[in-house]
Amino acid sequence: MGGSALTGRSVAVCVYCASIEGIAPHYLELAAEVGRQIASRRWELVSGGGRAAMMGAIGAAARAGGARSTGVIPRALVDLEWADHDSDELLLVDTMRERKALMEAHADAFLALPGGIGTCEEFFEVWTAGYLRMHAKPVVLLDPDGHYTGLLDWVRGLGERGFVRPEALARLVVVTDVAAALDACASPVDMSPSQS
Ligand code: AMP
């Protein structure tokens, strides 16, 4: 077991990110940097178990740095997303729901990087569950280049119009750099009763 600078404990970080080819190279570099920093903290990576695009970059970088990686992939996506057979543990499941449940069960924290609709789907589920107090794990969005600005503006606007509770907005940590994202993954979540 290794160590967060903040807590000294190892953290299994579930990372959601793009698995589509053809995106700008700096996103792959961002994913690789997250993988390297997970490894340098002697943490673990939990991912969707593919080798494509950012998902592949983070897994390869994490393992190159010595991190353990666990991937969870539906059998139907083994070829489509190029199952990451180099994972220390590759769990094959039947459905997307099983995939998300197993990823969640293996994780101490959730970190979303730039991605598409699949990433958003996974991210919104853990964020919603977090604000509903179904889990006490950090939910972090790493957005160095404004990839999610439109989405965040929209959600904050929903908050202003009363559709999203302040505690839901507070439950999400949004950061722009990798070290801050991982620090947030190791920070305890305030589960004290809400005042609102
Ligand atoms: P994308 O952000 O669209 O590139 O998708 C990122 C990852 O999310 C891919 O590995 C998808 O297979 C995965 N994904 C998409 N929808 C779901 C879902 N409902 N449950 C679990 N994983 C999903």
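Right, let's walk through the structure included here.

### Points about the overall build of the chain
Now for step 1: Assigned secondary structure in the chain consists of seven helices and seven strands.
Now for step 2: When the helices and strands of the chain are listed from N to C terminus, the series reads β-α-β-α-β-β-α-β-α-β-α-α-β-α.
Now for step 3: A globule of 196 residues ought to have a C-alpha radius of gyration of about 16 Å, and the chain, at 16 Å, matches this closely.
Now for step 4: Structurally, the chain occupies a C-alpha span of about 45 × 35 × 30 Å along its principal axes.
Now for step 5: Approximately 9500 Å² of the chain is accessible, and the part contributed by carbon and sulfur atoms is 56%.

### Details of the side chain of R63
Now for step 1: With respect to the helices and strands, R63 occurs in helix 2 (residues 53–64).
Now for step 2: Within the structure, the side chain of R63 is placed 2.8 Å from the side chain of S69, a separation counted as a polar contact.

### Description of helix 7 (residues 178–185)
Now for step 1: Turning to helix 7, its buried residues number three or more, namely V178, A181, L182, A184 and C185. Here the buried residues of helix 7 occupy an arc of 155° about the axis, which is enough to place them on one side.
Now for step 2: At its buried positions, helix 7 is contacted by strand 1 (12–16), helix 1 (25–40), strand 5 (109–112), strand 6 (139–142) and strand 7 (172–175).
Now for step 3: At the N-terminal end of helix 7, a side-chain oxygen is found 3.2 Å from the backbone nitrogen of A179, two or three residues along, and the residue is D177.

### Some remarks on the nonpolar core
Now for step 1: Within the largest apolar cluster, 31 residues are counted, with the highest numbers of intra-cluster contacts made by V15, I38, L111, L113 and L142.
Now for step 2: When contributions to this core are tallied by element, the ones reaching two or more residues are strand 1, helix 1, helix 2, strand 5, strand 6 and helix 7.
Now for step 3: The element contributing the most residues to this core is helix 1, with six residues.
Now for step 4: Ignoring anything within four residues of it in the chain, the contact list for L111 reads V13, C14, V15, Y16, V34, V140, L142, A181, L182 and C185.

### Some thoughts on the site of the ligand
Now for step 1: Near the ligand, the surroundings consist of 16 residues, among which E81, R99, G116, T119 and E122 are the closest.
Now for step 2: One of the side-chain nitrogen or oxygen atoms of E81 is found 2.5 Å away from an oxygen atom of the ligand.
Now for step 3: Expressed as a share of its isolated accessible area of 500 Å², the protein-covered part of the ligand is 84%.
Now for step 4: Counting residues per element, the ones that place at least two in the shell around the ligand are helix 3 (96–106) and helix 4 (117–131).
Now for step 5: At five residues, the largest contribution of residues to the shell around the ligand is made by helix 4.
Now for step 6: Grouping the constituent residues of the shell around the ligand by class yields six nonpolar, five polar and five charged.

### Section: the packing of aromatic side chains
Now for step 1: Applying the stated criterion across every chain, the model contains four aromatic pairs.
Now for step 2: Judged by centre distance (6.3 Å) and plane angle (0°), the rings of Y16 and F110 are stacked. Within this pair, whereas Y16 is found in strand 1, its partner F110 is found in strand 5, the two being separated by 94 residues in sequence. For the pair Y16 and F110, a shared accessibility class is recorded, and that class is buried.
Now for step 3: Feature note: the residues F123, F124 and W127 constitute an aromatic cluster, connected by ring pairs.
Now for step 4: Seen from the ring of W43, R41 lies directly overhead, with NZ or CZ sitting 5.1 Å from the centre.

The rules behind these values
Residues numbered from 1 in each chain as written. Predicted model: local features only at pLDDT ≥ 70, side-chain atom pairs only at ≥ 80, totals over all residues. Heavy atoms only, no water. Helix = DSSP H or I, 4+ residues; strand = E, 2+ residues; numbered from the N terminus. Rg over C-alpha atoms; globule rule 2.2 N^0.38 Å. Areas by Shrake-Rupley, 256 points an atom, 1.4 Å probe, with all protein chains shown as cover. Polar contact = N/O pair within 3.5 Å; in protein donor to acceptor, adjacent residues only side chain to side chain. Buried < 20%, exposed > 50% of the residue type's maximum accessible area, 1.4 Å probe, protein only. Arc of directions from axis to C-beta. Contact = heavy atoms within 4.5 Å. Core = buried A, V, L, I, M, F, W, Y, C linked by side-chain atoms within 4.5 Å. Near = heavy atom within 4 Å. Nonpolar A, V, L, I, M, F, W, Y, C, P; charged D, E, K, R; others polar. Phe/Tyr/Trp six-rings, centres within 6.5 Å; stacked < 30°, edge-to-face > 60°. Lys NZ or Arg CZ within 6 Å of the ring centre and 35° of its normal.

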